[in-house]
Amino acid sequence: MSERLLLVDGHVAESREFTFEDFQSIPEAAQVRDVSRFHPTRKGDGVTLQSLLDRVKPTESATYLTLHASRDDFAASIPLAEVVGEGIVVYQLDGNPLPVEKGGPVRFLIRDPAACHTAELDDCANVKFVDRIELTAGRGRDTRPEDEEQHEQLHADEH
Ligand SMILES: Nc1nc2c(c(=O)[nH]1)N[C@H]1C(S)=C(S)[C@@H](COP(=O)(O)O)O[C@H]1N2
Ligand SMILES: [Mo]
């Protein structure tokens, strides 16, 4: 079970791959147990985005966090400074790797998207099927819907 779940790379001092065991061995202080406490419809345990960033050390040039989901070719790019204290990376459910139906390999969650008062940290940035987090200089790839019509289309395609 040491397959790679997540690659964190880009404008960092040290790119890193994270396996399930790597996530499990992150100290308890950085574990976020039971995300249903923040999002009643979502389940599982995560770690803070901060704990992953501490391990790769973004460089001064990193200003955006770009989340990539190769499964459905979705990407969202959000300002690093705004998301740094808000991001959670969900990696397990009942002690097992997060299944794809729940957004695995890992699912990104913004702790409190409503409180941020910016269009950048919206629900669409709660990216599912994340397999790469790239630190970018300026906005990176972003396939989020640009208007309500596109947004409705995206949701229609989920079924
Ligand atoms: N990979 C991926 N992540 C995604 C999306 C998507 O289409 N693909 N849709 C986004 C949108 S528009 C919303 S509203 C939320 C929905 O999350 P939920 O299905 O857990 O409610 O996921 C976001 N994350
Ligand atoms: Mo959405």
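Everything numeric in this text was worked out from a predicted model, so none of it was measured. (Residues numbered from 1 in each chain as written. Chains lettered and ligands numbered in written order. Predicted model: local features only at pLDDT ≥ 70, side-chain atom pairs only at ≥ 80, totals over all residues. Heavy atoms only, no water.)

When helices and strands are counted, the protein shows four helices and ten strands. Ordered by position from the N terminus, the helices and strands of the protein form the series β-β-α-β-β-α-β-β-α-β-β-β-β-α. Relative to the compact-globule value of 15 Å for 159 residues, the protein shows a C-alpha radius of gyration of 15 Å, a close match. Across its three principal axes, the protein shows a C-alpha extent of roughly 40 × 35 × 30 Å. Taken across its 159 residues, the protein has 47% of its residues classed as buried. Pairs at least 24 residues apart make up 64% of the contacts formed inside the protein by residues separated by at least 6 positions. (Helix = DSSP H or I, 4+ residues; strand = E, 2+ residues; numbered from the N terminus. Rg over C-alpha atoms; globule rule 2.2 N^0.38 Å. Buried < 20%, exposed > 50% of the residue type's maximum accessible area, 1.4 Å probe, protein only. Contact = heavy atoms within 4.5 Å.)

Two side chains carrying opposite charge are able to pair once their charged atoms lie near each other. Considering all chains together, one arrives at eleven salt bridges under this definition. Residues Asp-9 and Arg-132 are paired through a salt bridge, measuring 3.0 Å at the closest nitrogen-oxygen approach. Of this pair, Asp-9 sits in strand S1 (residues 4-10) while Arg-132 sits in strand S10 (residues 132-136); the two residues are 123 residues apart in sequence, bridging distant segments of the chain. Given the relative accessible area of 26%, Arg-132 is considered partly exposed. (Salt bridge = Lys/Arg side-chain N within 4 Å of Asp/Glu carboxyl O.)

Below, the discussion takes up the nonpolar core. Counting residues in hydrophobic clusters, the biggest one holds 35 residues, and the most contacted among them are Leu-6, Phe-23, Leu-65 and Phe-108. Ignoring any residue separated from it by four or fewer positions in sequence, one finds Leu-65 in contact with Leu-49, Leu-53, Ala-76, Ser-77, Ile-78, Leu-80, Val-83, Phe-108, Ile-133, Glu-134 and Leu-135. (Core = buried A, V, L, I, M, F, W, Y, C linked by side-chain atoms within 4.5 Å.)

Take the site of ligand 1 next. Taken together, the neighbourhood of ligand 1 is formed by 14 residues, with Arg-42, Asp-72, Arg-107, Asn-126 and Lys-128 sitting nearest. Within the side chain of Asp-72, an N or O atom sits 2.7 Å from a nitrogen atom of ligand 1. Note that a nitrogen atom of ligand 1 is positioned 3.0 Å from one of the backbone N or O atoms of Asn-126. Protein coverage of the free-state accessible area of ligand 1, which is 530 Å², stands at 85%. Residue contributions to the shell around ligand 1 peak at three residues, all from helix H4 (residues 148-157). A breakdown of the residues in the shell around ligand 1 according to their chemical character gives six nonpolar, three polar and five charged. (Near = heavy atom within 4 Å. Polar contact = N/O pair within 3.5 Å; in protein donor to acceptor, adjacent residues only side chain to side chain. Areas by Shrake-Rupley, 256 points an atom, 1.4 Å probe, with all protein chains shown as cover. Nonpolar A, V, L, I, M, F, W, Y, C, P; charged D, E, K, R; others polar.)

This brings us to the sheet that holds S1. What links the strands of a sheet is backbone hydrogen bonding, and the strands pair in either a parallel or an antiparallel sense. Here we have five strands laid out as an open sheet, ordered S2-S1-S10-S5-S6, and mixed in their pairing. Edge positions in the sheet fall to strand S2 (16-19) and strand S6 (74-79), since each has one partner strand and no second. Averaged over all neighbouring strand pairs, the angle between strand axes comes to 15°, with direction disregarded. Of the strand pairs in this sheet, strand S5 (residues 64-69) and S6 are connected by six bridges, and their pairing is antiparallel. Each residue of the ladder has a partner; that of His-68, found in S6, is Ala-75. (Pairing = 2+ DSSP bridges. Axes fitted to C-alpha atoms, helices over the stretch in contact; angles between N-to-C directions.)

Once that is clear, we can look at the environment of Ile-110. Along the polypeptide, Ile-110 turns up in strand S9 (residues 107-110). For the pair Ile-110 and Val-89, spaced 21 residues apart in the sequence, the C-alpha separation amounts to 8.9 Å. Apart from residues no more than four positions distant in its own chain, Ile-110 is found in contact with His-39, Val-83, Glu-86, Leu-121, Asp-122, Ala-125 and Asn-126.

One can find Asn-126 in the loop between S9 and S10. Classification of Asn-126 as buried rests on a relative accessible area of 3%. Only 2.7 Å separates the side chain of Asn-126 from the backbone nitrogen of Ile-110, close enough to count as a polar contact.

Let's shift gears to a negative patch on the surface. A surface patch of like charges, here negative, comprises Glu-146, Asp-147, Glu-148, Glu-149 and Glu-152. Here Glu-148 lies in helix H4. (Patch = residues over 30% accessible without salt bridge, like charges linked within 9 Å, V, L, I, M, F, W, Y side chains within 5 Å. Lys, Arg positive; Asp, Glu negative; His and termini not counted. Charge placed at Lys NZ, Arg CZ, Asp CG, Glu CD.)

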